[in-house]
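What the coordinates show
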Amino acid sequence: MESTMKLITRTFYFLLISLIYSSLAYANELAFIQVSAEGRVKAQPDQAEFNITFSSTELEAKQARKVIDKQLDQFLKALTDFDLESQSLDTSRARIHPEYDYVNNQRQLRAYRVIRSVNFKLNQLNQMAPLVKLVSNIAIATLDDIRFGISDPSLLRDEALSNAMQSASRAAQLIAEGYNVKLGKIHRVTHHTNNIRQPQHRAMSLQTEMSSDANNSYKQKDIEFKATIDVAFTFK
């Protein structure tokens, strides 16, 4: 009987202590002012990434490569007049595709198509018009697309995050004053930053827009960076 009473007493104390801890944890969980905020920054692009394809079709793959190599060498020499980002030029990707004709259900080799990809970043957007014209004058070259960007996006990401932080602090302070409490320290914070708009143009539409602009004053759409932040503040 005595041992049973001791067991019941211990169980009661254990349940009481657990209840106290649970109540404290529940209270601490509610003792926060949690806010979410975002910051945005817009900027004009100052850089353009060009994606160009050189292709040639000949009876022999070797001959097709020669045609591309000759045109590409001339193009690379002309590129020295443009302000490219250091080490952004890449001409290493090449592909060879056999092309066939089908006669009486028989496959016959017709030619070889050689493709060479060229990618680089242009630092001066006022050089875009002459560069697009240069590419369009090369018979075997195709300007696939142009992606606009920022040469140093970290500064804009930091600014967007700073705007989000300031907005979160203002909101938390406003809530604290509204409930007559004093805002405390940060208990928990998470954040995420990304660019939500990266302009991209197909070459044909860009060439049309540039040709219709007699002053070559083509203006690109803004790139927008967005930062979101979630903060939990203690209060007294």
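Sequence order as written defines residue numbering, which begins from 1 separately in each chain. Per-residue local features of the predicted model are confined to residues with pLDDT of at least 70, and side-chain atom pairs are confined, for both listing and counting, to 80 or more; whole-chain, interface and lining totals are unaffected and use all residues. Side-chain metrics in this entry use all non-hydrogen atoms of the structure; hydrogen atoms and water are not considered.

Notes on the side chain of Ser-117
For the record, the criterion: The numbering of helices and of strands both runs from the N terminus, where a helix is a DSSP run of H or I of at least 4 residues and a strand a run of E of at least 2. Only protein chains enter the accessibility calculation, which uses a 1.4 Å probe. A residue is then buried if its area is under 20% of the maximum for its type, exposed if over 50%, and partly exposed in between. Residues are treated as being in contact if the distance between any of their heavy atoms lies within 4.5 Å.
Examined against the element boundaries, Ser-117 turns out to sit in strand E4 (residues 106-122). Taking relative accessible area as the criterion, Ser-117 reaches 10% and is therefore assigned buried. Once residues lying within four places of it in the same chain are set aside, the contact partners of Ser-117 are Ile-52, Asp-90, Thr-91, Arg-93 and Arg-95.

A short note on the packing of aromatic side chains
Our working rule: Pairing of aromatic rings covers Phe, Tyr and Trp, the last through its six-membered ring, and needs centres within 6.5 Å; plane angles under 30 degrees mean stacked, over 60 mean edge-to-face, and all others mean tilted.
Tallied over the entire structure, the rule returns three aromatic pairs. Centre to centre, the rings of Phe-50 and Phe-120 are 5.4 Å apart; their planes meet at 10°, and the pair counts as stacked. Remark: Phe-120 occurs in strand E4 and Phe-50 occurs in strand E2 (residues 47-58); sequence separation between them is 70 residues. Given the relative accessible area of 0%, Phe-50 is considered buried.

Notes on the side chain of Asp-145
Quick note on the threshold: In this tally, Asp and Glu contribute negative charge and Lys and Arg positive charge; neither His nor the terminal groups of the chain are included. Basic side-chain nitrogens of Lys or Arg form a salt bridge, by our definition, when they fall within 4 Å of a carboxyl oxygen of Asp or Glu. In protein, a polar contact means a hydrogen-donor-capable atom and an acceptor-capable atom, both N or O and within 3.5 Å, with residues adjacent in sequence counting only if both atoms are side-chain atoms; elsewhere, any N or O pair within 3.5 Å suffices.
Structurally, Asp-145 can be placed in strand E5 (residues 141-149). Despite its burial, Asp-145 pairs with no opposite charge, the nearest such side chain being Arg-147 at 4.1 Å. Of the polar contacts made by the side chain of Asp-145, one reaches the side chain of Asn-51; its length is 2.6 Å.

Examining helix H3 (residues 128-136)
Quick note on the threshold: Directions drawn from the helix axis to the C-beta atoms are what define this arc.
For H3, the complete set of buried residues consists of Met-128, Leu-131, Val-132 and Val-135. Angular distribution of buried residues about the axis of H3 spans 100°; they occupy a single face of the element.

Observations regarding the pattern of salt bridges
This model, assessed by the stated rule, comprises six salt bridges. Close ionic contact of Glu-38 with Lys-226 constitutes a salt bridge, the shortest N to O distance being 3.5 Å. One end of the pair, Glu-38, is in strand E1 (residues 32-43); the other, Lys-226, is in strand E8 (residues 223-235), and 188 residues separate them in sequence. For Glu-38, a relative accessible area of 36% puts it in the partly exposed group. Note that Asp-69 and Arg-116 form a salt bridge whose closest N and O atoms lie 3.2 Å from each other. Placement of Asp-69 in helix H2 (residues 61-79) and of Arg-116 in strand E4 is noted, with a sequence separation of 47 residues between them.

Examining the environment of Arg-188
Here Arg-188 shows up in strand E6 (residues 183-197). Assessed through its relative accessible area of 40%, Arg-188 is described here as partly exposed. Distance from Arg-188 to Asp-230, taken between C-alpha atoms, is 8.1 Å for residues 42 residues apart in sequence. A distance of 3.1 Å separates the side chain of Arg-188 from the side chain of Gln-34, its partner in a polar contact.

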